[in-house]
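# Coordinate inspection notes
Listed here are the chains, written in short residue letters.
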Amino acid sequence: ALFWVMCFDWHFKYPTFTWALMSSGFGLTVILGVIAYARKLADRDPSWYTFGAGSFFIATALAIFLGEMVFWTCTEHYYRYSDLGALPAVNPGKYKGEMLMNAGKLYFTGGTRLDIAHSMGFKHGDMYCVAPISNVPEGTLAPNYDLWAIGKNCCTHPHKYECGEWSNPHTRSALRSTDMEDHPYYRLAVQQAEAAYGIKSNHPVFVIWTQDPADAVHEYLHDGIKF
């Protein structure tokens, strides 16, 4: 029961209550331990209280450890994306980054593509790859590039972006990146692209280029349940 609470929506919506429940698991361990110790002082034979105290301690510890792993790896992403909205008919030439702050799933207008020619990679241990999303004809520059497809260790060199579904000609949508720890490195890659190509990105928004964002989000929940 504690494992379930740690893995799913209670942990996301009610974190304080969730950790109170985890504490109650250890509280039961203490109660059983005290009873077991009292029986030992009374020179009684080893009892099920000793076994129960150890079992509840191990069970609670495993519930917390494994639950944290499942939550932060899988289900937390699902619930976070569920709180964000879906935005249809996004025109990269008209939408600025500030207009997309509450969007989790983005569906672009026809003609939108990855501008691989203006992609860039920033090396910091890992290779942080970015490519602007644009709907202007090839060979021309848009006035501003605020939408960037990202990926880690998926560009063979800084100017060859091969991340996500980059080669799928039917892809016209993206999923918002929520990996905030990596965003500063992607921002540095964008700054390198600005300097190299003479383009502007006032408020970059980082996304994962995918044909079906809704399916990608549901896959997080599916993986959590499977685990």
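Residues numbered from 1 in each chain as written. Predicted model: local features only at pLDDT ≥ 70, side-chain atom pairs only at ≥ 80, totals over all residues. Heavy atoms only, no water.

Of the regular secondary structure elements, the chain holds six helices and eight strands. Relative to a compact globule of 227 residues, whose C-alpha radius of gyration would be 17 Å, the chain shows 25 Å and is clearly more extended. Projected onto its principal axes, the C-alpha coordinates of the chain cover approximately 90 × 35 × 30 Å. Taken across its 227 residues, the chain has 41% of its residues classed as buried. Relative to all contacts within the chain whose residues are 6 or more apart in sequence, the contacts with residues 24 or more apart total 66%. Counting every atom, the chain has about 12,400 Å² of accessible surface; 62% of that belongs to carbon and sulfur. Taking the average place of the 17 positive charges on the side chains of the chain and the average place of its 21 negative ones, the gap between the two points comes to 3 Å. (Helix = DSSP H or I, 4+ residues; strand = E, 2+ residues; numbered from the N terminus. Rg over C-alpha atoms; globule rule 2.2 N^0.38 Å. Buried < 20%, exposed > 50% of the residue type's maximum accessible area, 1.4 Å probe, protein only. Contact = heavy atoms within 4.5 Å. Areas by Shrake-Rupley, 256 points an atom, 1.4 Å probe, with all protein chains shown as cover. Lys, Arg positive; Asp, Glu negative; His and termini not counted. Charge placed at Lys NZ, Arg CZ, Asp CG, Glu CD.)

This part takes up the nonpolar core. As a rule of thumb, nonpolar side chains are buried together in soluble globular proteins. Ranked by size, the top nonpolar core spans 20 residues in total, and within it Leu106, Phe108, Ile133 and Leu147 carry the most contacts. Of all the secondary-structure elements, those providing two or more residues to this core are strand 2 (103–108), strand 5 (126–134), strand 6 (147–152) and strand 8 (205–209). The element that contributes the greatest number of residues to this core is strand 5, accounting for four residues. Each residue touching isoleucine 133, except ones within four places of it in the same chain, is listed here: Pro92, Phe108, Thr112, Arg113, Leu114, Tyr145, Leu147, Trp148, Ala149, Val207 and Trp209. Counting 15 residues, the second-largest nonpolar core is a separate cluster that includes Val136, Trp148, Tyr186 and Ala189. (Core = buried A, V, L, I, M, F, W, Y, C linked by side-chain atoms within 4.5 Å.)

Tracing the chain through its elements places arginine 187 in helix 5 (residues 183–197). Along the sequence, arginine 187 and valine 130 sit 57 residues apart, while their C-alpha atoms lie 8.9 Å from each other. When sequence neighbours within four positions are dropped, the list of residues in contact with arginine 187 reads Glu194, Ser201, Pro204 and Phe206.

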